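# Report on the structure
Letter by letter, the chains look like this.
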Amino acid sequence: MADRRQVLRFGALAAGVPAVLGGAAPALATAPRDRDGRPALVIGHRGASGYRPEHTLASYELAARLGADFIEPDLVATKDHVLVARHEPEIGGTTDVASRPEFASRRRTVVLDGVTVTGWFTHDFTLAELRTLRATERIPQVRQHNTLYNGLFRVPTLREVLDLRKRLSKELGREIGVYPETKHPTYFRRLGLDLETPLVRALRRAGLDRADAPVFVQSFEAGNLRSLRDDHRLRAPLVFLTATAGGPFEDPTSYAEYLTPAGLRRLSRYADGIGPEKSQVIPRRADGTLGTPTGLVGHAHSAGLKVMPYTFRAENQFLPADYRVGTDPNAYGRAIDEQVTFLRTGLDGLFTDQADIGALARGMAFARV
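Parameters and conventions
Residues numbered from 1 in each chain as written. Predicted model: local features only at pLDDT ≥ 70, side-chain atom pairs only at ≥ 80, totals over all residues. Heavy atoms only, no water. Helix = DSSP H or I, 4+ residues; strand = E, 2+ residues; numbered from the N terminus. Buried < 20%, exposed > 50% of the residue type's maximum accessible area, 1.4 Å probe, protein only. Contact = heavy atoms within 4.5 Å. Areas by Shrake-Rupley, 256 points an atom, 1.4 Å probe, with all protein chains shown as cover. Phe/Tyr/Trp six-rings, centres within 6.5 Å; stacked < 30°, edge-to-face > 60°. Lys NZ or Arg CZ within 6 Å of the ring centre and 35° of its normal. Pairing = 2+ DSSP bridges. Salt bridge = Lys/Arg side-chain N within 4 Å of Asp/Glu carboxyl O.

On to the overall build of the protein chain, then. Check the secondary structure of the protein chain and you find 12 helices and 13 strands. Counting all 369 residues of the protein chain, 56% fall into the buried class. Partitioning the contacts of the protein chain with sequence separation of at least 6, the portion at a separation of at least 24 is 67%. When the accessible surface of the protein chain is split by element, carbon and sulfur atoms take 52% of a total near 15000 Å².

Printed below as a string of structure tokens:
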């Protein structure tokens, strides 16, 4: 069964130096670089979520130490309007709240962007109450190793993430960026807990509200990005996230329409990049194997937009059929090869659950002969 050591064998984990993958060592060539001449970015998706429970300070720190250029906190609000890092406002699957009898009565059903969801929600907890909970692994059946860390880490605030970014930048001797996502901004705004105001305030307090800041603020809602730019006058770069179907909540324009050449030009009036689902860059064929590039990268670059797709994961079940190794869905497949293939389309960066694999793939993208 393929494991992390096999995937990374003969490699230098985060340095991007020459490596051998089952053959003679190729000459090191220039790593893929963005349109400004900088190397394509490795973005630690929810931190190093392949190795630690997601959205914890431990996960973010490990991602940076494994070579990530940016760490990605998803932001939701507490009852007392503090931004914290969770993938969704519902926290039954990422904390131990279900085992806490004192919070049993908080379990309820809400309509979240048109979808009925039952569980426990951050906006029903004050920060002090949320601090009593501990993070757990979201997909334990896939990442059983991560369950070792269940109960060790608390839910971090955005301020703590920004403080960590500053400390790690100094300690590691390189700028670590932060890539926050506003989760369900319309939903939270209707609760009287808008995400924009405390986010902009936190970035300004940290000295990160400028065009050249090591920051990308991302959202699946174009209206949220327009508000950040026009109403809140945020100067930090903005990224519009897209999915393979549907469109932003209560937005008549579909994601597919946003990604047409005309749609991309309109986006460029207020956004600096796009974050497509990776199959929008290279789709899969009917048999699950990797197909050919769509041309999205070129169209986006022509509109002046960066392209940083999500999400690259090492386990077989997340890989194209022709990049899997063996039959165990949770074993590691040819994750490096997949990322190299995508990087060669000209990406400006990629989101990965395993930052060391992303850093190694970047270093190898143009190294093979």
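Among all positions in helix α6 (residues 196-205), only Glu196, Pro198, Leu199, Val200, Ala202 and Leu203 are buried. Where α6 ends, the next residue or the one after it, Gly207, has phi of about 70°, a positive value.

Quick look at the packing of aromatic side chains now. All chains considered together, the criterion is met by 12 aromatic pairs. With a centroid separation of 6.2 Å and an interplanar angle of 70°, the aromatic rings of Phe220 and Tyr255 are classed as edge-to-face. Of this pair, Phe220 sits in the loop between β9 (217-219) and α7 (222-231) while Tyr255 sits in helix α8 (residues 255-258), placing them 35 residues apart in sequence. Judged by relative accessible area, Tyr255 falls into the buried class, the value being 6%. A cation over an aromatic ring shows up here: Arg106 above the ring of Phe125, its NZ or CZ 5.0 Å from the ring centre. Positioned over the ring face of Phe318 is Arg313, at 5.1 Å from the centre of the ring.

Time to look at the pairing of strand β13 (residues 349-352). Where burial is concerned, the two faces of β13 agree: the one with Gly349 and Phe351 and the one with Leu350 and Thr352 are both buried. Relative to β13, strand β1 (residues 41-44) is paired through 4 bridges, and the arrangement is parallel. Each residue of the ladder has a partner; that of Ile43, found in β13, is Phe351.

Between side chains of opposite charge, pairing is possible as soon as their charged atoms come close. Scanning the entire structure with this criterion turns up 26 salt bridges. Between Lys183 and Glu88 there is a salt bridge, and its shortest N-O distance comes to 3.9 Å. Separated by 95 residues along the polypeptide, Lys183 in the loop between β8 (181-182) and α5 (185-190) and Glu88 in the loop between β4 (83-85) and β5 (108-112) bring together distant segments of the chain. Taking relative accessible area as the criterion, Lys183 reaches 6% and is therefore assigned buried. For Arg313, the salt bridge is made with Asp353, and the minimal N-O distance between the two is 2.8 Å. Residue Arg313 is located in the loop between β12 (306-307) and α11 (335-343), and its partner Asp353 is located in the loop between β13 and α12 (355-364); the two are separated by 40 residues in the primary sequence. Connected through shared salt-bridge partners, Glu61, Arg65, Arg167 and Glu171 make up one network.

Function cannot be inferred from these measures alone, as they are strictly geometric.
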